[in-house]
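# Structural features, examined
One-letter residues, chain by chain:
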Amino acid sequence: MIERHDSIIVQKVSRTLIPLIQLFALYVFFHGHYSPGGGFQAGVLLGASIILQLLVTRASDIQALSVLREVMVASIGLGLFILVGALPLLLKGSFFDYDQVPWYGATDQLRHYWGILFAEAGVVIVVSMTLVIVFHVLAFVLYEDRRKNG
Amino acid sequence: MIEAINIILIVFILVTAIAALQVRELVSAVFILGCYSFFLAILWVVLNAPDVSFTEAMVGVGASTIFFLLALFSSKHFVKLQVWNISHLFIFMLIAGLGALFVWGSLDLPWFGDALSPPNAYLSPHYLLNAYADTKTPNAVTAVVVDYRAFDTLIESTVIFTAGIACLLIMKVRTDK
């Protein structure tokens, strides 16, 4: 199991940076329609901020984190993406044909607009949680199992 | 001016890529790879692809450096000095031949930034002209990624998810022995 670094500089800088990175991730996600960015970029930023937080937290404080729960959240994100794609299919359209969904908005353009946003929300969850899963496995799960098996 | 920046960046990228292969210490190689990704991220910005640059900066510099370091710390690694012999020459010639084959094959591809190549002549103008009218999204890249080509993005997300699951499963099996 990795232990946090005891340097006060690392602690303070991370504590200041993490909320800013997460705010920037939200900006990249919601502003992806207008500026470079979108689901993948926001998800990577969010995942990296969570990894930074895990790096500077005491290992005994993150015992409650379970990797299976992270997998569950990631699959909820993937399910959201598939659901956004399959909703027009159920309403007698084709896959990812957003203008078949009447409750996204009045015009076809607005329906595409909101469909893109919901699909990107799924991408954000999948990408960020996958980064956290890989970090969690390499940093904690490996050592827990090794200690359990002696 | 911009060409000078391009040349400097490409030289840095080449130097860091070769240095990462040549350096003996694996931890140093990981950090040099991080520098390589950083220069690559700057090059993406110069090439007007800031969203690729985002991903390169976060995944290449941040996440994969941490993953490599964790993998190094949780495994036994050692340095073995290789003595140059005749079989290396054979492997070198094989790889050089393969590279020459790739270069020869790529000569048929349209030249970089060619305005008359089929994708630039038919596909890109269609997306650029119709993206705002169709989806009310000024950023055509987002419209292409999650609307016109949403199926590709769905499969990409599935690939990423599968990679995470596979990482978990491999480590579980490896340590249960």
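That block above? That's the structure.
Presented here is a report on the structure given in the accompanying data block.

### Re helix α3 (residues 67–90) of chain A
Residues and elements named next belong to chain A. Taking 1.5 Å of rise per residue, 24 residues should cover 34 Å, and α3 covers 33 Å from first to last C-alpha, within 8% of that figure. Along α3, the sharpest change in direction is near 30° and occurs at Val 84; proline Pro 88 comes one to four residues later. Residues of α3 that are buried include every one of Val 67, Glu 70, Ala 74, Gly 77, Leu 78, Phe 81, Val 84, Gly 85, Leu 87 and Pro 88, and no others.

### A short note on the environment of Val 126 of chain A
Residue placement: Val 126 of chain A occurs in helix α4 (residues 108–148). Considering only alpha carbons, one finds Val 126 of chain A and Leu 65 of chain A, 61 residues apart in sequence, at a separation of 17 Å. Once you skip the residues sitting within four places of it in the chain, Val 126 of chain A turns out to touch Gly 43, Ala 74, Gly 77, Leu 78 and Phe 81 of chain A together with Ser 157, Ile 160 and Phe 161 of chain B.

### A short note on helix α2 (residues 39–56) of chain A
With 18 residues, α2 of chain A should reach 26 Å at 1.5 Å per residue; the first-to-last C-alpha distance of 26 Å fits that figure. The element α2 of chain A is extensively covered by neighbouring structure, given that 14 of its 18 residues are classed as buried.

### Here we look at the interface of chain B and chain A
Each partner contributes to the interface: chain B provides 40 residues, whereas chain A provides 47 residues. Of all the secondary-structure elements, those providing two or more residues to the side of chain B that touches chain A are α3 (50–73), α5 (118–135), α6 (140–148) and α7 (150–176) of chain B. Element by element, the count of residues in the side of chain B that touches chain A is highest for α7 of chain B, at 17 residues. When its residues are assigned to classes, the side of chain B that touches chain A shows 22 nonpolar, 12 polar and 6 charged.

Criteria and cut-off values
- Residues numbered from 1 in each chain as written.
- Chains lettered and ligands numbered in written order.
- Predicted model: local features only at pLDDT ≥ 70, side-chain atom pairs only at ≥ 80, totals over all residues.
- Helix = DSSP H or I, 4+ residues; strand = E, 2+ residues; numbered from the N terminus.
- Expected span 1.5 Å × (residues − 1).
- Bend = angle between axes of the 7 residues up to and from the residue.
- Buried ≥ 20, exposed ≤ 12 C-beta atoms within 10 Å, placed from the backbone.
- Contact = placed C-beta atoms within 7 Å.
- Nonpolar A, V, L, I, M, F, W, Y, C, P; charged D, E, K, R; others polar.

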